[in-house]
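# A closer look at the structure
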Amino acid sequence: MDTLELLTTRRSNKKLVAPAPNQAQLAQIFQAALRTPDHGRLHPYHFIVIENDGLQKLATILREVATELQLDEKQFNKIDGICAKPMIIGVVAKINPEISKVPEWEQLISAGCAAYGIQLAAQNLGFDNVWITGKWTEGKALRQAFGCSAQDKIVALLMIGTAAEEKLEREIKQIDTQDFVSYL
Ligand SMILES: Cc1cc2nc3c(=O)[nH]c(=O)nc-3n(C[C@H](O)[C@H](O)[C@H](O)COP(=O)(O)O)c2cc1C
C-alpha cells in the first residue's frame, strides 16, 4: 500500500480474530517500530508480545489489577473480551530520568511513536488493530509482569489480529486541516 494511503486511511478495529502476525511478520513490525524518531538513540521502549497461553496469564493479571484498583463490574466484564483477542502487544516507555540531553517527555513520546509504528506496520501487513490503555496500565500486577521500573510507563496495549468482519469501511476521512494548522 502507498504510504500516504496507509497514513490517511488507518483506522482502529476492536473486532479481531485469528490469525495474528506470525514470527516473521512480527519481526518486520518491530523493525518498523525500531525506526521511530529517537533523540539520543535510546530506544526508550520495550515490547511485550502476548498470545496463546500468555492471554490466559494476562486475564489473571488483569483480574488482580481490577481487584487492586477496585474497578467496577463493567471493567471486570471487559477482561475476557480483551484476552480473547489473538494477540496483544504491550508497549512500555523505558524512561531514564538521568539523561539530561533527552528529557523524560521526549523519551515518552518516542515510545508513543513506536506504538504507532507497530499499528501502521501491522495494518500494512493486513492486520487490524487498536490501541487501548485504560486503568489497567497503572496496576501493580501488570507493571510487574511487563518488567516496569518505577519511572517506566505502560503506554499501550495494542490488540492485533484479523478483521472479524470482511468489509470494514476505510474511506479517507476529510478533516478540515485549517483548524489544526497555522503559519508563523
Ligand atoms: C494513548 C491512547 C490510549 C487510548 N486508549 C483507549 C482505550 O483505553 N479504549 C479505547 O476504546 N480507545 C482508546 N484509544 C483510542 C483508540 O485507539 C482509537 O484511536 C480511537 O478509537 C479512534 O479510532 P481511529 O483510530 O480509528 O480513529 C486510545 C488512543 C491512544 C492514542
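Positions within a chain are numbered from 1, following the residues in the order the chain's sequence is written. This being a predicted model, a pLDDT of at least 70 is required before a residue's local features are given, and a value of 80 or more before pairs of side-chain atoms are given or counted; all residues contribute to the totals for chains, interfaces and linings. In computing side-chain values, all of the structure's heavy atoms are included and hydrogens and water are not.

## Examining the pattern of salt bridges
Cut-off, in case you're wondering: Think of a salt bridge as a Lys or Arg side-chain nitrogen and an Asp or Glu carboxyl oxygen that are within 4 Å of each other. The secondary structure listing takes helices from DSSP runs of H or I that are at least 4 residues long and strands from runs of E that are at least 2 residues long, numbered from the N terminus. Residue exposure (1.4 Å probe, protein chains only): buried if accessible area is under 20% of the type maximum, exposed if over 50%, otherwise partly exposed.
Following the criterion strictly, the structure yields four salt bridges and no others. Ionic pairing is found between K15 and E165, a salt bridge with its closest N-O pair at 3.3 Å. Placement of the pair is K15 in the loop between α1 (3-9) and β1 (16-17) and E165 in the segment after β5 (153-163), with a sequence separation of 150 residues. Since its relative accessible area comes to 41%, E165 is described here as partly exposed. Two residues, D80 and R63, come together in a salt bridge whose shortest N-O distance is 3.0 Å. Remark: R63 occurs in helix α3 (residues 53-68) and D80 occurs in helix α4 (residues 73-83); sequence separation between them is 17 residues. On the accessibility criterion, R63 (36% relative accessible area) is partly exposed.

## Looking at the pairing of strand β3 (residues 87-93)
Convention followed: Whether two strands pair comes down to DSSP finding at least two bridges between them.
In terms of residue burial, β3 counts as a mostly covered element, since seven of its seven residues are buried. Neither face of β3 is exposed, since M87, I89, V91 and A93 on one face and I88, G90 and V92 on the opposite face are all buried. Note: strand β2 (residues 45-50) against β3, six bridges, orientation antiparallel. Looking across to β3, one finds that I48 is bridged to G90.

## Let's talk about the site of the ligand
Definition in use: Proximity is defined per residue: if any heavy atom of the residue lies within 4 Å of a molecule or strand, that residue is considered near it. Here a polar contact is taken to be a pair of N or O atoms separated by no more than 3.5 Å, where protein atoms must pair a possible hydrogen donor with a possible acceptor and residues adjacent in sequence count only if both atoms sit in side chains. All accessibility values rest on the Shrake-Rupley procedure with a 1.4 Å probe; residue burial counts only the protein chains present in the view. Charged residues are taken to be Asp, Glu, Lys and Arg, nonpolar residues to be Ala, Val, Leu, Ile, Met, Phe, Trp, Tyr, Cys and Pro, and polar residues to be all remaining types, Gly included.
In the vicinity of the ligand, 10 residues are found, and the nearest of them are R10, S12, K14, W131 and T133. Contact distances for the ligand include 2.6 Å between an oxygen atom and a backbone N or O atom of W131. Within the contact set of the ligand, an oxygen atom lies 3.0 Å away from a backbone nitrogen or oxygen of T133. Coverage of the ligand by the protein amounts to 53% of the 620 Å² it exposes when considered alone. Of the residues assigned to the shell around the ligand, the class counts are three nonpolar, three polar and four charged.

## Here's the deal with unusual backbone geometry
Cis geometry marks the peptide bond from A18 to P19, where omega comes out at 5°. Turning to its location among the elements, P19 is positioned in the loop between β1 and α2 (23-33). Although it is not a glycine, N52 sits at a positive phi angle of roughly 50°. Mapped onto the fold, N52 is located in the loop between β2 and α3.

## As for the packing of α2 against helix α5 (residues 104-124)
Cut-off, in case you're wondering: Lines fitted to C-alpha atoms define the axes here, with helix axes fitted over just the stretch in contact, and angles between the N-to-C directions of these axes take values from 0 to 180 degrees. Each angle receives one of four descriptions, namely roughly parallel if under 35 degrees, roughly antiparallel if over 145, roughly perpendicular if within 65 to 115, and oblique otherwise. Take the far helix as your reference; a near helix turned counterclockwise from it by less than a right angle gives a left-handed crossing, and one turned clockwise gives a right-handed crossing. Contacts: residue pairs with any heavy atoms within 4.5 Å of one another.
Close contact between α2 and α5 brings their axes to 8 Å; oriented N to C, the two are set at 140°. With respect to α5, the element α2 is oriented oblique. Classified by chirality, the crossing of α5 by α2 is right-handed. The segment α2 lies against α5, with I29, F30, A32 and A33 engaging A114, G117, I118, A121 and A122. In terms of residue class, the contact of α2 with α5 is made up of eight nonpolar, one polar and no charged.

## So, the nonpolar core
If you look at soluble globular proteins, the nonpolar side chains tend to sit buried side by side. To be explicit about the condition: The definition of a nonpolar core used throughout is a set of buried Ala, Val, Leu, Ile, Met, Phe, Trp, Tyr and Cys residues joined through side-chain atoms within 4.5 Å.
Core analysis: the biggest nonpolar cluster contains 26 residues, and L62, I82, I88, W136, L142 and F146 have the highest contact counts within it. Elements with a contribution of two residues or more to this core: β2, α3, α4, β3, β4 (128-132), α6 (140-145) and β5. Ranked by residue count, the leading element in this core is α3, at seven residues. Counting residues in each nonpolar core, the second largest holds 23 residues, with A20, F47, I118 and A121 among its members.

## What about α2?
The periodicity of an α-helix, 3.6 residues per turn, causes residues three or four places apart in sequence to face the same way. Note the cut-off: Directions from the helix axis toward the C-beta atoms define the arc.
When we look at burial in α2, the residues that qualify are L26, I29, F30 and A33. Take α2 and look down its axis: the buried residues cluster within an arc of 95°, on one side only. What points out from α2, more than 90 degrees from its buried face, is the exposed set A24 and Q31. Looking at the buried residues of α2, the elements they touch are β2, β3 and α5. The opening residue of α2 is N22, an N-cap whose side-chain oxygen sits 3.1 Å from the backbone nitrogen of A24.

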